[in-house]
Amino acid sequence: VRQQLAALGLQKAALGVHFGGEVAGHGEHVTRHGGGVSTGSLKDLRHGLLGLHKSLIVSEQVTYERIYGRVSSAGQLLQLVMNDPWFAWLHPLSHLVVRIDVVLEDQDDTTLEAAQDLLSEARTMLRPSEEGDGFERSYYEALQRTPDVVLAHAGVKKLLGTAATAASAAAA
């Protein structure tokens with residue numbers, strides 16, 4: 001089931017690149033939790049992560065096309081994002097978005113700890129590293145070459161900072 005959810009998340013995100021729409025929306029009901037973290041914060045984070053994911057896919061697509069030639073369709077890009085090693089480093093970000101979707105789908109059972117864990121995971125994941133491996137290194141390289149990735153990164157970091165400030169204020 002987790003693999004199916006992950007594949008669905010990759011499909012939603014990849015299709016969002018070419019068709020530009022909101023990817024898999026959720027209802028507007030926002031349940032507030034203690035500690036300043038809410039499903040509203042998770043929805044905002046999800047939206048920011050999807051924008052970042054889209055920017056990263058476009059960045060990787062441009063680089064991929066310079067080496068291997070033009071990607072001819074959204075379907076081909078989807079297959080590349082899901083199956084080609086070139087795009088594999090993006091899968092942890094896709095999986096995080098899917099896990100946020102799962103939490104948002106079951107708002108009644110969303111715990112403060114689950115929401116905080118997802119926010120913490122996003123903070124940890126989005127730390128680029130020139131010396132790192134895997135995601136950290138590839139993320140660093142995308143930030144160096146693509147201004148849209150930098151802007152999307154800054155937006156997500158701002159959302160994470162806002163969520164942290166709200167949690168601190170609520171705890172005080």
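Residues numbered from 1 in each chain as written. Predicted model: local features only at pLDDT ≥ 70, side-chain atom pairs only at ≥ 80, totals over all residues. Heavy atoms only, no water.

> For the nonpolar core, give the residues involved together with the corresponding values.
By size, the foremost hydrophobic cluster in this structure holds 36 residues, and its most contacted members are Leu 49, Leu 52, Leu 56, Leu 126 and Tyr 139. Secondary structure elements with two or more residues in this core: α2 (39–68), α3 (74–83), α4 (91–105), α5 (112–125), α6 (134–145) and α7 (147–171). The dominant element in this core, judged by the number of residues it contributes, is α2, at eight residues. Excluding anything up to four places from it in sequence, Leu 126 contacts Leu 49, Leu 52, Phe 135, Tyr 139, His 153, Val 156, Lys 157 and Leu 160. (Core = buried A, V, L, I, M, F, W, Y, C linked by side-chain atoms within 4.5 Å. Buried < 20%, exposed > 50% of the residue type's maximum accessible area, 1.4 Å probe, protein only. Helix = DSSP H or I, 4+ residues; strand = E, 2+ residues; numbered from the N terminus. Contact = heavy atoms within 4.5 Å.)

> Account for the pattern of salt bridges, naming residues and giving values.
Enumeration over the complete set of coordinates arrives at four salt bridges. Notably, a salt bridge pairs Arg 99 with Glu 121, separated by 2.1 Å at the nearest N-O pair. Taken as a pair, Arg 99 in helix α4 and Glu 121 in helix α5 lie far apart in primary sequence, 22 residues in all. Given the relative accessible area of 32%, Arg 99 is considered partly exposed. (Salt bridge = Lys/Arg side-chain N within 4 Å of Asp/Glu carboxyl O.)

> Can you explain the packing of aromatic side chains? Please cite residues and give values.
Counting across every chain of the model gives six aromatic pairs. Ring geometry for Trp 89 and Phe 135: centres 5.4 Å apart, planes at 55 degrees, overall tilted. Here Trp 89, found in the loop between α3 and α4, pairs with Phe 135, found in helix α6; they are 46 residues apart in sequence, far enough to count as distant. There is no split in this pair, since Trp 89 and Phe 135 are both buried. Seen from their ring centres, Phe 135 and Tyr 139 are 5.3 Å apart, and the 25 degrees between their planes marks the pair as stacked. With Phe 135 and Tyr 139 both in helix α6 and four residues apart, the pair spans about one turn of that helix. (Phe/Tyr/Trp six-rings, centres within 6.5 Å; stacked < 30°, edge-to-face > 60°.)

> Go over the environment of Asp 101 with me, naming the residues and quoting the values.
Note that Asp 101 resides in helix α4. In sequence terms Asp 101 and Arg 46 are 55 residues apart; their C-alpha atoms lie 7.8 Å from each other.

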